[in-house]
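Residues per chain, in single letters:
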Amino acid sequence: MQDLLRNVSASYENFSSGQKKIADLFVREPIFLAFSPALEVGKRVHVSESTVIRWTQKLGYRGYTEFQHMLQRKLAEERLEKAREEPLAIAADQSFLENLLDADISSILKLKQTINEDNLLQVVDRISSAETRYITGNFFDFGLAEWFAGWLNSALGDTAMMQPGTASYYRQLAVLGPGDTIVAFAFPRYTRTLIDTLEFAKGRGATVIVLTDREDSPAAQSADMVLAVSVNANLNIDSYTAVHALLTSVMRFLYVKEHAKVKEKLAQLEAAYSDQDIFI
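Residues numbered from 1 in each chain as written. Predicted model: local features only at pLDDT ≥ 70, side-chain atom pairs only at ≥ 80, totals over all residues. Heavy atoms only, no water.

1. What about the overall build of the protein chain?
The helix and strand tally for the protein chain stands at 13 helices and 5 strands. For 280 residues, the compact-globule formula gives about 19 Å, and the C-alpha radius of gyration of the protein chain, at 26 Å, lies well above that figure. Along the three orthogonal principal directions, the C-alpha set of the protein chain runs to about 80 × 45 × 40 Å. For the protein chain, buried positions account for 44% of its 280 residues. Taking all contacts inside the protein chain whose residues are at least 6 apart in sequence as the whole, residues at least 24 apart take part in 62%. (Helix = DSSP H or I, 4+ residues; strand = E, 2+ residues; numbered from the N terminus. Rg over C-alpha atoms; globule rule 2.2 N^0.38 Å. Buried < 20%, exposed > 50% of the residue type's maximum accessible area, 1.4 Å probe, protein only. Contact = heavy atoms within 4.5 Å.)

See the structure below:
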């Protein structure tokens, strides 16, 4: 982004009066130029659309579209560099998309280096042996929780979502016991409701398994077992790529451990699909 600003500054004296208005707007509101048509930019500073296009050409671009694409990329990279968690080094010879994908690959490699396989196997054992499995999480994590709960229920049965605030949630709390297991997704931002649920479950003797972003997260304090996996937050958009990789590993271990049961359950499900003629 700084190189664009320097280019505009160096060329400023050679701009026409109308082009200087565009340059001033660019310095004040680069995002407006990045996502607005040339016509709208011209209207904003009372110049013609052609003046806007000629301004970008004077900066060395073939036209407004090429300038706009470059500006969008520069703004995105600038925000990526300012991301709170481990800013991503941008490779000059890669596209912005390639850099984002590299960040997700790095998070999986980090998981590979840090995951304790013995701990993972203990989690798998406890999930497979539970009388009833309850899956819950912060409300930001409910997509993950429902996906995992759906697979567990299809593969093993006796699995339910535990969603605070619903009537079934209180019924589930009432029957929790030592034979049950709660799997909780606890990634930022942490909610008091989830922490209270885990503390209650622990008090009733249920096993509490927490998937979270760090070993010392608030939810980990109530856990019997913790699986820690980092979540990238580039551009303030959380990426759960490594979390999905971890869950897929858990599912595969469960498939191997409970192969006969899972195979039978999935066969029953496929039969139901076939009877209902669901798939083309």
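So, next bit.
2. Brief notes about the environment of Ala186
Locating Ala186 in the fold gives a position in strand 3 (residues 181-186). When the C-alpha positions of Ala186 and Lys263 are compared, they lie 30 Å apart, and in sequence the two are 77 residues distant. Leave out the neighbours within four places in its chain, and Ala186 touches Asn138, Asp141, Leu194, Val210, Leu211, Thr212, Asp213 and Ala219.

3. As for helix 5 (residues 49-58)
For helix 5, the set of buried residues is Thr51, Val52, Trp55 and Thr56. Relative to the axis of helix 5, the buried residues are bounded by an arc of 140 degrees and lie together on one face. Of the residues trailing helix 5, Gly60 is marked for its positive phi of about 105 degrees. (Arc of directions from axis to C-beta.)

4. A look at the pattern of salt bridges
Applying the stated criterion to the full structure yields 8 salt bridges. A salt bridge links Asp213 to Arg214; the nearest nitrogen and oxygen atoms lie 3.9 Å apart. Under the relative-accessibility criterion, Arg214 is labelled partly exposed at 36%. Across the salt bridge formed by Arg214 and Asp216, the nearest N and O atoms sit 2.8 Å from each other. Asp216 sits in the exposed class, given a relative accessible area of 55%. Put simply, Asp213, Arg214 and Asp216 are held in one network by salt bridges that share partners. (Salt bridge = Lys/Arg side-chain N within 4 Å of Asp/Glu carboxyl O.)

5. Thoughts on the packing of aromatic side chains
Inspection of the entire model under this criterion finds 12 aromatic pairs. Ring geometry for Tyr64 and Phe67: centres 6.3 Å apart, planes at 40 degrees, overall tilted. Placement of both Tyr64 and Phe67 in helix 6 (residues 64-81) is noted, with a separation of 3 residues, approximately one turn of the helix. The class of Tyr64 is buried, set by a relative accessible area of 7%. A centroid spacing of 6.1 Å and a plane angle of 80 degrees characterise the contact between Phe148 and Phe185, whose relative ring orientation is edge-to-face. (Phe/Tyr/Trp six-rings, centres within 6.5 Å; stacked < 30°, edge-to-face > 60°.)

6. Re the side chain of Thr51
Tracing the backbone through its elements, the reader meets Thr51 in helix 5. Taking the relative accessible area as the measure of exposure, Thr51 reaches 12% and is therefore buried. If near-sequence neighbours (up to four positions away) are discounted, Thr51 is found in contact with Gly18, Gln19 and Ile22.

7. A short note on the UniProt feature "domain: HTH rpiR-type" (unreviewed entry) in the protein chain
Those residues carrying the UniProt feature "domain: HTH rpiR-type" (unreviewed entry) are residues 2-78 in this numbering. With 79% helix and 0% strand, the stretch residues 2-78 has end C-alpha atoms that lie 9 Å from each other. (UniProt positions renumbered as here; feature names shortened; annotations may be inferred.)

8. Points about the packing of helix 2 (residues 17-28) against helix 5
For the pair helix 2 and helix 5, the least separation of the axes is 9 Å and the interaxial angle reads 75 degrees. In terms of their interaxial angle, helix 2 and helix 5 are classed as roughly perpendicular. Contact residues: helix 2 offers Gly18, Gln19, Ile22, Ala23 and Phe26, while helix 5 offers Thr51, Val52, Arg54, Trp55 and Lys58. Of the residues that constitute the contact of helix 2 with helix 5, the class distribution is 5 nonpolar, 3 polar and 2 charged. (Axes fitted to C-alpha atoms, helices over the stretch in contact; angles between N-to-C directions. Parallel < 35°, antiparallel > 145°, perpendicular 65-115°, else oblique. Nonpolar A, V, L, I, M, F, W, Y, C, P; charged D, E, K, R; others polar.)

9. Quick look at the sheet that holds strand 1 (residues 133-137)
With parallel pairing, 5 strands are arranged side by side in an open sheet as 2-1-3-4-5. Of all strands in the sheet, those bounded by a partner on one side alone are strand 2 (159-161) and strand 5 (225-228). Strand after strand, the sheet turns through a mean of 20 degrees between neighbouring axes, direction not considered. Relative to strand 4 (residues 207-212), strand 3 runs parallel, the two being bridged by 6 bridges. In the strand pairing of strand 4, Ala184 is matched with Val210. Where helix 9 (residues 142-155) meets the sheet, its contacts fall on strand 1, strand 2 and strand 3, and the angle it forms with strand 1 comes to roughly 165 degrees. (Pairing = 2+ DSSP bridges.)

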